[in-house]
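Next come the chains, spelled out residue by residue.
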Amino acid sequence: RQYFQALRSEILLYKKAGFEFEGVYVGGGTPTIMIDELEKTLHLTCEEFPIKEISVETNPNHLNEKNIKVLLDCKVKRLSVGIQSFDDEILKQIKRYDHDKNEGGEAIVKKMKWVNELFHTVNADMIFNFPTQTIEKLNNDLNMLLSIGLSQVTYYPLMVSDFTKKQMVASIGTVDYKREKKYYQLITSKLQEHYNFSSAWCFTKKETLTASASALANDKVISCDEYIVNNDEYAGLGSGSIGYIGGICYANTFNIKDYIESLNNGKLPLMASKKFLLHERIRYDFMMKLFGMSLNINELNKKYGVSVWRYLWFGIFSFILTGGVKYKHGLLHLAKSGRYFWVVLMRKFFIEINNFRDFCREHGV
């Protein structure tokens, strides 16, 4: 409760500093673990800022009537549920099987069908390429997802940081990256009939996109968990959060005690930062926007006041020549053959972020 109080103090510091936000993404594992504190935090955020979109992460075992009522009362529009897999064996290996209720994949399907009727957008966070996952198990997961009819599915490749590699090997085995592409191709072939790509690994239902196109602007589908794709800038609030504002990437302290103490003293709990040089900012946008399927070169030129071809020409032409990217009328589009490459690129990117997080936690900073 001290942590949540400190988090609310941090929200007020951003307000005092003159920031304005229209969207909130509540992530970091299972923020619904103290639903009453989350409720207070979301209410405060909506009181202080003109919030139009709220997205909240949770896990299947937190999908109960009490939690769902609170989230709906807080005007949460998008619920992202960390399912990972419906396979009972895999759920037990990754400690996601609910032993208390003896509930596995079938029970999760029922819960997802229930919440799918209640929120504007319901996303299933799934993972592929578990060491013990076979093509048959992945295919079963995909069939179960399609039976639910969710508005959105995000299928991450298994991402193991250097610090957790030994633990992962001991618990479920060694990751085989050689078969990753085959698994990804199965996922895309099954889902693209019913879904469009919101990113290289996020799929949004076609009917949902069509419906939202004619809806009010503030009633659109929040397209994916990667808010870093949809937003040029984002503030990171909370212990261990990472933000990107004004070309500066910064991280809050991972030490809960230090986090609370800093905010009790009226100070932001910043731990580290890096100012991106111009070419780094342009390349960052290149990677993120194409991960989100397209990049407008003219808009990027206007944003930075330079011709970005100077910084990106080699990468752009390389991807065009290999067929991974297509260029037309100032727009770059991620082609079918380029999607898996971007999955690999982003997997490596997020693994490095996880390495940074693990290092900070290990050293108590």
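Treat the numbers as computed from the prediction; the structure is a model and nothing was measured.

A. Up close: the environment of Gly-338. Positionally, Gly-338 belongs in helix H15 (residues 336–363). Expressed as a C-alpha distance, the spacing of Gly-338 and Leu-290, which sit 48 residues apart in the sequence, is 9.6 Å.

B. Representation of the side chain of Asp-125 in the model. By secondary structure assignment, the location of Asp-125 is in strand S4 (residues 121–128). Within polar-contact distance, the side chain of Asp-125 engages the side chain of Asn-123 at 3.0 Å.

C. Fine view of the packing of aromatic side chains. Here the structure, examined in full by the defined rule, presents 27 aromatic pairs. Ring geometry for Tyr-3 against Tyr-259: centres 5.2 Å apart, planes inclined by 35°, an arrangement best described as tilted. Taken together, the residues span a long stretch of sequence, with Tyr-3 in helix H1 (residues 2–16) and Tyr-259 in helix H11 (residues 256–264) at a distance of 256 residues. Taken together, the ring pairs in this structure connect Tyr-156, Trp-201, Phe-291, Phe-349 and Phe-350 into an aromatic cluster. Between Lys-92 and the ring centre of Tyr-97, over which it is positioned, the NZ or CZ distance is 4.8 Å. For the cation-ring pair, Arg-339 lies above Phe-197, with the distance from its terminal atom to the ring centre recorded as 4.0 Å.

D. View of helix H5 (residues 105–116). Taking 1.5 Å per residue as the helical rise, H5 with its 12 residues ought to reach 16 Å, and the 16 Å between its terminal C-alpha atoms agrees with that figure. Every buried residue belonging to H5 is among Gly-105, Ala-107, Ile-108, Val-109, Lys-111, Met-112, Val-115 and Asn-116, and all of these are buried. Here the buried face of H5 lies against helix H3 (65–73), strand S3 (78–84), helix H4 (88–93), S4 and helix H6 (135–148).

E. How the structure looks around the pattern of salt bridges. If you walk through the whole model with that rule in mind, you get 16 salt bridges. Measuring nitrogen to oxygen at the nearest pair gives 2.8 Å for the salt bridge that ties Glu-37 to Arg-1. Taken as a pair, Glu-37 in helix H2 (residues 35–48) and Arg-1 in the segment before H1 lie far apart in primary sequence, 36 residues in all. A relative accessible area of 54% means that Arg-1 is categorised as exposed. Here Lys-111 ties to Glu-103 by a salt bridge, and the two come within 3.6 Å at their closest N and O atoms. A relative accessible area of 15% places Lys-111 in the buried class.

F. Up close: the state of the cysteines. Taken as a whole and judged by the stated rule, the model has 0 disulfides. For Cys-46, which is in no disulfide, the shortest distance to another cysteine sulfur is to Cys-74 and amounts to 7.4 Å. Overall, the relative accessible area of 2% leaves Cys-74 in the buried class.

G. Representation of the packing of H6 against helix H8 (residues 180–191) in the model. Contact pair H6 / H8: the axes reach a minimum separation of 11 Å and the direction vectors enclose 25°. It follows from the interaxial angle that H6 and H8 lie roughly parallel. Relative to H8, the crossing made by H6 is right-handed. On H8, the residues touching Ile-135, Leu-138, Asn-139, Leu-142, Asn-143 and Leu-146 of H6 are Lys-182, Tyr-183, Leu-186, Ile-187, Lys-190 and Leu-191. Across the contact of H6 with H8, the residue classes tally to 8 nonpolar, 2 polar and 2 charged.

Here is what the cut-offs are and how they apply
- Residues numbered from 1 in each chain as written.
- Predicted model: local features only at pLDDT ≥ 70, side-chain atom pairs only at ≥ 80, totals over all residues.
- Heavy atoms only, no water.
- Helix = DSSP H or I, 4+ residues; strand = E, 2+ residues; numbered from the N terminus.
- Polar contact = N/O pair within 3.5 Å; in protein donor to acceptor, adjacent residues only side chain to side chain.
- Phe/Tyr/Trp six-rings, centres within 6.5 Å; stacked < 30°, edge-to-face > 60°.
- Lys NZ or Arg CZ within 6 Å of the ring centre and 35° of its normal.
- Expected span 1.5 Å × (residues − 1).
- Buried < 20%, exposed > 50% of the residue type's maximum accessible area, 1.4 Å probe, protein only.
- Contact = heavy atoms within 4.5 Å.
- Salt bridge = Lys/Arg side-chain N within 4 Å of Asp/Glu carboxyl O.
- Disulfide = S-S within 2.5 Å.
- Axes fitted to C-alpha atoms, helices over the stretch in contact; angles between N-to-C directions.
- Parallel < 35°, antiparallel > 145°, perpendicular 65-115°, else oblique.
- Left-handed = near helix turned anticlockwise from the far one by under 90°.
- Nonpolar A, V, L, I, M, F, W, Y, C, P; charged D, E, K, R; others polar.

Don't take any of this as a statement about function, it's just geometry.
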